[in-house]
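# Descriptive analysis of the structure
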Amino acid sequence: MTRTTKTRKSLAARGTALGLAALLTWTVQGLAGEPADAGPSDTGLKGAIDRILTDPRLDGAAAGVVVADAATGATLYQRDAGDRLMPASTTKIPTSVAAMAILGPDHRFTTEVLATGRNHRGTLHGDLYLRGTGDPTTLAADYDRLAARVAAAGVRRVTGRLVADDTRFDTHRLGRAWAADDESSYYSAQISPLTLAPDTDYDSGTLVVEAAAAGTAGRRPAVTLTPRTDYVRVDNRATTVAAGRPDTLAITRAHGMNTLVITGEIPVGAAPTKEWITVDEPTGYATAVFADALAAHGVRVEGPVRLGLPTPAKARPLATHRSMPLRELLLPFMKLSNNMHAETLTKAIGHEVSGSGSWEAGLAAVREYLGKEGVDTGQLRQVDGSGLSRMNLFPAAQLTRLLLAVQDAPWFADWYASLPVACAPDRAVGGTLRTRMCGTPAALNTRAKTGTLTGASALAGYVTDAAGRRLVYGVVLNNHLASSVKSVEDAVVVTLASSDTAAGAIRAARPAAGTAAERHAGPATTGLECAWRKSDTLC
């Protein structure tokens, strides 16, 4: 499921949404009729959305759809609202609002270096501890700054060990029912309170692997790692071939190992192949990068590296790194649908509430919070924080109920700002919606969380209709064979944005036809959340 990319990405990269907008042809027509909540009529909002949901791509599929007035909570439309469907990444809605409520918008993760023993004339007679609390945004540069502060504290030699304290969370690294064939895919990285991200998309637990063609055929491509580390081994079996030959180069990680296997052929002059690959045991990865930073700053540790031991109470701090506050962390988390952020926050919630940094404790706390907000938790099942598991079940009615309930929370404005914005071309603003609904009244209007797995698609959020009425909606589509039903979701939202829902003046949008590949299932049509496809810079 991992995709190969030929271009460098960054959180500040801008998409050219105008070009894609030309492909999204919306037909808007006026539909006079009865109020939207009228009975089995073919007019009004009910008729308009019912017709959208007759799209052939939904033949034999399941659709749960709810539209409500954001101010009053009155239901304006519902279709199978109580059906339990896979929400995919819209699962991040309950996870993120629970994190804001329980941890607080000012919550910061800390990564510390502590010491036992006595420092005498530059020699620390004891152990050095690296302790993490879950920061998924720690970069190699942050570990370098920690090492520099240790050196600045006068430590030049450590007679003991370098110990990694990752005991804030339990030792379960992968979520329940996550696909085994996603093991090396960056959106399915292992979860540890001590981890490392290779860039400012903050894909924790991964590194960037780039393979570039040699100048002449017959030679091995050059492989570079970001960050540079010996924690993984490179098994380069690939070959540079003559220009014009097919590019078949692939990068994978061997099961249960930290061996990167480079296979296939790359033509002379071809753009480099680039992959974001997970590591096995992110605690060891982060500690290895920190150990290299210590050595670079002249700090020599004589003892071995040990993982998974708690820091003694008597240890004294030498250096501390604090993450951005949660209100800021929400931006890369929600805009780019970062699975690892969701799971880290789930475990952090568990530790905050019960002292147990586990999925079980975190999800129990999330359920309790949802219940306080009026969500019927007996109607849903949440087994992870991100929606990567296909065991998650969430009715559209409960999603919209939650979206209605959190509007009066003191942190709502910060959380609302983290939602992707339709047709906002900057990745840091539009996120997974940055090329959707362009050229329609929903562009730069709706804010929502997307969700995609194979056979599951969802969109839930807020939109303002043509008369200025704010609406809440949840659309959850399951069991479709087409690779994409996004234009069906978009047609629902565009209809809301185009209409005066209070007056019953409904202007209905029809779903764009989509490509042949989107209309039919096939071996190359596996569905992934937009931001999970690193090669798709305009998704």
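Moving on, we come to the nonpolar core. In terms of nonpolar packing, the biggest core is built from 67 residues, with Leu326, Val406, Trp411, Trp415 and Tyr462 touching the most fellow members. Among residues more than four places away in sequence, those in contact with Val406 are Val97, Tyr369, Trp411, Phe412, Trp415 and Tyr462. If you look at the next biggest cluster of nonpolar residues, it comprises 37 residues, including Val232, Ile266, Tyr285 and Leu294.

What follows deals with helix 4 (residues 140–152). The end-to-end C-alpha separation of helix 4 is 18 Å, in line with the 18 Å expected for 13 residues at 1.5 Å each. Within the span of helix 4, buried status applies to Asp142, Tyr143, Leu146, Ala147, Val150 and Ala151. Buried residues belonging to helix 4 abut strand 4 (110–115), strand 7 (128–132), helix 5 (282–296) and strand 20 (316–322). Count one or two residues on from helix 4 and you reach Gly154, which has phi positive near 95°.

The next point concerns the confidence of the model for the protein. Summarising the model, the protein shows a mean pLDDT of 90, and 87% of its residues fall at 70 or more. In the predicted structure, residues 1–41 sits below a pLDDT of 50 and forms 111 contacts with residues beyond four places in sequence or in another chain. Counted against residues more than four places away or in other chains, residues 521–526, with its pLDDT under 50, gives eight contacts.

Take the packing of aromatic side chains next. Within the structure shown, the criterion is met by eight aromatic pairs. Ring centres 6.0 Å apart and planes at 75° place the aromatic pair Trp178 and Trp359 in the edge-to-face group. Taken together, the residues Trp178 in the loop between strand 9 (162–165) and strand 10 (206–212) and Trp359 in helix 8 (residues 359–372) connect sequence positions 181 residues apart. For the pair formed by Trp178 and Trp359, the shared burial category is buried. When the ring centre of Tyr416 is taken as origin, the NZ or CZ atom of Arg470, which lies over that ring, is 4.9 Å away.

Below, the discussion takes up the environment of Val65. Take Val65: it is sitting in strand 2 (residues 62–69). For the pair Val65 and Gln78, spaced 13 residues apart in the sequence, the C-alpha separation amounts to 5.5 Å. In contact with Val65, not counting residues within four places along its chain, are Ile49, Leu53, Tyr77, Gln78, Arg79, Ala396, Gly474 and Val475.

Tallying each qualifying case throughout the model produces 22 salt bridges. Residue Asp201 is joined to Arg427 by a salt bridge in which the shortest nitrogen-to-oxygen separation is 2.9 Å. Residue Asp201 is located in the loop between strand 9 and strand 10, and its partner Arg427 is located in helix 11 (residues 427–430); the two are separated by 226 residues in the primary sequence. Across the pair, Arg427 and Asp201 agree in class, each one buried. Among the charged side chains, a salt-bridge network with shared partners connects Arg436, Lys486, Glu489 and Asp490.

Let us look at the sheet that holds strand 10. Pairing is antiparallel in the open sheet, where three strands are placed in the order 11-10-17. The open sheet has two edge strands with one neighbour each: strand 11 (222–226) and strand 17 (273–278). Each strand axis lies, on average, 25° off the axis of its neighbour in the sheet, ignoring direction. Alignment of strand 10 against strand 11, held across five bridges, turns out to be antiparallel. Across the sheet, residue Ala212 finds its bridge partner in strand 11, namely Ala222.

The N-to-C vectors of helix 2 (residues 44–52) and helix 12 (residues 486–498) enclose an angle of 160°; their axes lie 9 Å apart at closest approach. Here helix 2 is positioned roughly antiparallel relative to helix 12, judged by the angle of their axes. Here helix 2 runs over helix 12; the crossing is right-handed. Here helix 2 contributes Leu45, Ala48, Ile49 and Ile52 to the contact with helix 12, which in turn contributes Val488, Ala491, Val492, Thr495 and Leu496. Taken together, the residues of the contact of helix 2 with helix 12 break down into eight nonpolar, one polar and no charged.

Here we come to unusual backbone geometry. The step from Thr226 to Pro227 runs through a cis peptide bond, and the omega angle for that step is -5°. Mapped onto the fold, Pro227 is located in the loop between strand 11 and strand 12 (233–236). Even without a glycine there, the phi angle at Tyr202 is positive, about 60°. Relative to the elements of secondary structure, Tyr202 occurs in the loop between strand 9 and strand 10. The backbone of Asn479 sits at a positive phi, close to 65°, despite the residue not being glycine.

Rules behind the numbers
- Residues numbered from 1 in each chain as written.
- Predicted model: local features only at pLDDT ≥ 70, side-chain atom pairs only at ≥ 80, totals over all residues.
- Heavy atoms only, no water.
- Core = buried A, V, L, I, M, F, W, Y, C linked by side-chain atoms within 4.5 Å.
- Buried < 20%, exposed > 50% of the residue type's maximum accessible area, 1.4 Å probe, protein only.
- Contact = heavy atoms within 4.5 Å.
- Helix = DSSP H or I, 4+ residues; strand = E, 2+ residues; numbered from the N terminus.
- Expected span 1.5 Å × (residues − 1).
- pLDDT = per-residue confidence, 0-100.
- Phe/Tyr/Trp six-rings, centres within 6.5 Å; stacked < 30°, edge-to-face > 60°.
- Lys NZ or Arg CZ within 6 Å of the ring centre and 35° of its normal.
- Salt bridge = Lys/Arg side-chain N within 4 Å of Asp/Glu carboxyl O.
- Pairing = 2+ DSSP bridges.
- Axes fitted to C-alpha atoms, helices over the stretch in contact; angles between N-to-C directions.
- Parallel < 35°, antiparallel > 145°, perpendicular 65-115°, else oblique.
- Left-handed = near helix turned anticlockwise from the far one by under 90°.
- Nonpolar A, V, L, I, M, F, W, Y, C, P; charged D, E, K, R; others polar.

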